[in-house]
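Single-letter residue listing:
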Amino acid sequence: MLGTPPEPGGWTPELSVSVVIPAYRAERTLPLTLAALARQTYPAHLLEVVVVDDGEAPMGPLPDLVPWRTRVIRPRPGVWGKPSACAAGAEAADGDVVHFLDADLVLFPEHVEAQMRWHHLADYLVVLGHLRFVPGLDEVPVGEVLAAIEAGAVDRLFEGGTPQWTMRRWDETADLREAGLHAFSVTVGATLSVRAELLRAVGGMDRTLVLGEDTELGYRLAQAGAVFVADRAARSRHIGESTVMRREQDVKRHNWPYLAERVPAFRWLRGHPHRRYLVPYVEAVVRVGDASFEEIRATVDGLLASKLPDVAVKIVGPWGRLGDGRRDPLDDPWLDLRLVRGCYEGETRVAYCESLPEDCAPVPFRFHCPPGWVPSRNTLGSLIKFADQRCLGVVSVALEEWEPAAPAGGPEIVHARLERTAALNRARWCARWCARGSADGSVDGGAADLGDLDDLVHEMFGTLWVAGDTWGLARAGTVAALVRTPRKIREQPRKDPPSRVSGLRGVRGLRRVRGLRRVRGLRGVARLSRTARLVRRRLRAMVSPG
């Protein structure tokens, strides 16, 4: 749907861009970065630079060679760190696009233009620039770098260089086109651009972090529906080694606890079987409707018992109707609703709401389950694994067919539904983009008339219907039987029981049979025990007095 971007120099830009540079102890390298920005091919009237001075004391005056529209701001008193500086710069920016840039990068002349051409194609893109690491200024004098920038000879000065760790991922995934659901994991804030509207939609940089903020931002952008673009034409050179290159293990030790709380997609960081996290993996939704307290409790209890520990449940109902006035406790017309609210007062994973927001970002999945239907402990995990293996955007689970009281278009299918947050949000961005394009004639009007979001999700990710009994979803009244009796045994035709279990009946008998099979599996151990006893007896006989 994106098409091919124009070649640098062969098109007319329209969007403005704000380059945000967080600067901390960057007195030696910042002049090089600003000089390189002053020599960019992107139109000067569309480019502004916001330098965020994050030092303890205000920085000195700017050098002579800087872009035409350059300003320096200071963060609020008491606020420090790169994420806070980036957030302050983004808030002060005026451009249609925000381009985050480190203060120790030397850009090639076409760097900004190469990234900006993508943002003219769609407003839901995150563009990552290409960089290599070169020796520090102790080996390459500042004057020589400035002379190369002035002469447009950066490529000759910095030939080769050490590739960034993300390049391996770019190579393996055809520049992220085949990266699938985890393209965000290579988000590096050294040179990254995103539409200001999209950045505001996800809440900007997380100011509570001091490291790892770029990966966390990439994750939230992915959940908002962003597409990640790796552009090798946006070339740059990083002066000196990065912190990751110098202290990789220390960086991981610092970042992983924070990312575990905020990035549910990193399942390998969430190994604990019972604890909760800042951002859940699944938001399960149960709508009260006209269901009874017992039906709702059975469904919610089933969701909370999932083997996935990071599940949050939202119960949607008319909670505002529950007043505190005098009432008949047993004949209260809202008794079931009150019982539902009282049942989970101490359960922090359960929340009550009267309506749902459009999406649940940054939670990656939303699962709608009708009351009275109970998932098994494996249902959620198995459905998500199934959806991930096929990169599906929506999985609908058919439970039963229901005939309405009055003929109104035929029977309805009672179903549960697993939604991938990133898929639905990308469909929303595409629908808005196509609608704007058809209005001004730049995009075929048919692109905006694709129907509801599920049609767009189906085109971009895929949607699928599956049968409920395959995934362990059952009516509340039959759950006990389903739990006690394994499915393979339930599906077997009835036969006369073998003679060795002729006295057994029902599920207890089956459990006893399974117990017998487990004991038989220990025959080898029993033989070893008998052998050991015989050896001990013979040894005692040998040493006992004659």
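Within any chain, residue numbers begin from 1 and follow the written order of that chain's sequence. Reporting of local features is limited, given that this is a predicted model, to residues whose pLDDT is at least 70; pairs of side-chain atoms are given and counted only at 80 or more, and all residues count toward the totals for whole chains, interfaces and linings. Excluded from the side-chain calculation are hydrogens and water; included are all heavy atoms of the structure.

Draft legend 1. Just the side chain of His-130, in detail. Going along the chain from the N terminus, every DSSP run of H or I of four or more residues is numbered as a helix, and every run of E of two or more is numbered as a strand. Among the secondary structure elements, His-130 is positioned in strand β6 (residues 125-134). Setting aside residues up to four positions removed in sequence, His-130 forms contacts with Met-167, Trp-170, Asp-231, Arg-232, Ala-234, Arg-235 and Ser-236. When checking whether two residues touch, look at their non-hydrogen atoms; a contact exists if any pair is within 4.5 Å.

Draft legend 2. Fine view of the pattern of salt bridges. What makes a salt bridge here is a side-chain nitrogen of Lys or Arg within 4 Å of a carboxyl oxygen of Asp or Glu, nothing more. Summed over the entire model, instances satisfying the criterion amount to 30 salt bridges. Asp-102 is the salt-bridge partner of Lys-82, the closest N and O atoms lying 2.8 Å from each other. A residue pair is termed long-range when its members are at least 10 positions apart, and Lys-82 in helix α2 (residues 82-92) and Asp-102 in the loop between β4 (97-101) and β5 (105-107) qualify at 20 residues. Judged by relative accessible area, Asp-102 falls into the buried class, the value being 14%. Between Glu-91 and Arg-207 there is a salt bridge, with the nearest N and O atoms lying 2.5 Å from each other. With Glu-91 in helix α2 and Arg-207 in the loop between α7 (196-201) and α8 (213-223), this pair connects stretches of sequence that are 116 residues apart. Partly exposed describes any residue whose relative accessible area lies between the buried limit of under 20% and the exposed limit of over 50%, with all areas from a 1.4 Å probe on protein chains only and scaled to the type maximum.

Draft legend 3. Region of the structure containing unusual backbone geometry. Each neighbour pair has its own omega, and for Ala-361 with Pro-362 the value is 10 degrees, a cis peptide bond. By the secondary structure assignment, Pro-362 is in the loop between β12 (350-353) and β13 (365-368). Residues other than glycine seldom take positive phi values, yet Ala-174 does so here, at roughly 50 degrees. Structurally, Ala-174 can be placed in the loop between α6 (166-172) and β8 (191-195). Phi at Cys-391 takes a positive value of approximately 55 degrees, unusual for a residue other than glycine. With respect to the helices, strands and loops of the structure, Cys-391 is situated in the loop between α13 (379-390) and β15 (394-402). Residue Cys-391 is classed as partly exposed on the basis of its relative accessible area, which comes to 31%.

Draft legend 4. Summary view of the sheet that holds strand β17 (residues 463-467). Strand order in this open sheet of seven strands is β12-β11-β10-β13-β16-β15-β17, and the pairing throughout is mixed. The two strands at the open ends of the sheet, each matched to only one other strand, are β12 and β17. Pairwise comparison of adjacent strand axes, ignoring direction, gives a mean angle of 25 degrees for this sheet. A pair of strands is considered paired only if DSSP assigns at least 2 bridges between the two. Between N-to-C directions, angles span 0 to 180 degrees; the directions come from axes that are lines fitted to C-alpha atoms, helices contributing only their stretch in contact.

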